[in-house]
Amino acid sequence: QAQLVESGGGLVQPGGSLTLSCVSSISIGNFHYTAWYRQKPEGTHRELVALLGAGSPSYADSVKGRFAISRDIAKSTISLQMNDLKFEDTAVYYCNANGVQDLWGQGTQVTVSS
């Protein structure tokens, strides 16, 4: 079956930047929506942080102006550029692609710490 493989997580200082990548084994053009979710250490669920469908992307209020979701069809990659990272951005981040199949990445840890 199709798979999403994430990379790019790590440790970053407040105010820093990271780019998360999610490589799909099939063309991302096959998906109706691509998205990034996160689950904070104290959280009980995965929260939607960025969504990209056919139109303009949408973002959770907590990340607006700081995060940007994009897709590179040639590289079959969904990316999340994260800027001005804050302590509260610490979480496990998951990419998601929805279409005929609903696929999830394995999760990648982002830790924001001084």
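Residues numbered from 1 in each chain as written. Predicted model: local features only at pLDDT ≥ 70, side-chain atom pairs only at ≥ 80, totals over all residues. Heavy atoms only, no water.

1. Re unusual backbone geometry
Spelled out, the test is: Helix and strand definitions follow DSSP, with helices as H or I runs of at least four residues and strands as E runs of at least two, each counted in order from the N terminus. Only protein chains enter the accessibility calculation, which uses a 1.4 Å probe. A residue is then buried if its area is under 20% of the maximum for its type, exposed if over 50%, and partly exposed in between.
Backbone geometry places Ser-76, a non-glycine residue, at a positive phi of 50 degrees. By the secondary structure assignment, Ser-76 is in the loop between strand 7 (67–72) and strand 8 (77–82). Phi is positive for Asp-84, close to 50 degrees, though the residue is something other than glycine. With respect to the helices and strands, Asp-84 occurs in the loop between strand 8 and strand 9 (91–98). Asp-84 gets classed as partly exposed once you look at its relative accessible area, which sits at 38%.

2. Let's talk about the nonpolar core
The condition is simple: We define the nonpolar core as a collection of buried residues of types Ala, Val, Leu, Ile, Met, Phe, Trp, Tyr and Cys that are connected through side-chain atoms lying within 4.5 Å of one another.
Counting residues in hydrophobic clusters, the biggest one holds 27 residues, and the most contacted among them are Trp-36, Leu-80, Met-82 and Tyr-93. Ranked by residue count, the leading element in this core is strand 9, at 4 residues.

3. Observations regarding the side chain of Thr-90
Our working rule: Nitrogen and oxygen atoms within 3.5 Å of one another constitute a polar contact, given that in protein one can donate a hydrogen and the other can accept it, and given that sequence-neighbouring residues count only through two side-chain atoms. In this analysis, two residues are considered to be in contact whenever any of their non-hydrogen atoms come within 4.5 Å of each other.
Its place among the elements puts Thr-90 in the loop between strand 8 and strand 9. In terms of polar contacts, Thr-90 uses its side chain to reach the backbone carbonyl oxygen of Phe-87, at 3.1 Å. Here the side chain of Thr-90 touches Val-112 through a polar contact of 2.9 Å, landing on its backbone nitrogen. Apart from residues no more than four positions distant in its own chain, Thr-90 is found in contact with Lys-40, Pro-41, Gln-109, Val-110, Thr-111 and Val-112.

4. Overview of the sheet that holds strand 3 (residues 18–24)
Counted only if it meets this: DSSP bridges decide pairing: two strands pair if at least two such bridges lie between them. Here an angle of 0 to 180 degrees is reported between the N-to-C directions of two axes, which are lines fitted to C-alpha atoms, with helices fitted over the stretch in contact.
Overall, antiparallel pairing links the 4 strands, which are arranged 1-3-8-7 in an open sheet. The sheet terminates laterally at strand 1 (4–7) and strand 7, the two strands that pair on one side only. Taken over all neighbouring pairs, the strand axes of this sheet differ in orientation by 15 degrees on average, direction set aside. In terms of strand pairing, strand 3 meets strand 8 through 6 bridges, oriented antiparallel. Across the sheet, the residue bridging to Val-23 is Thr-77, located in strand 8.

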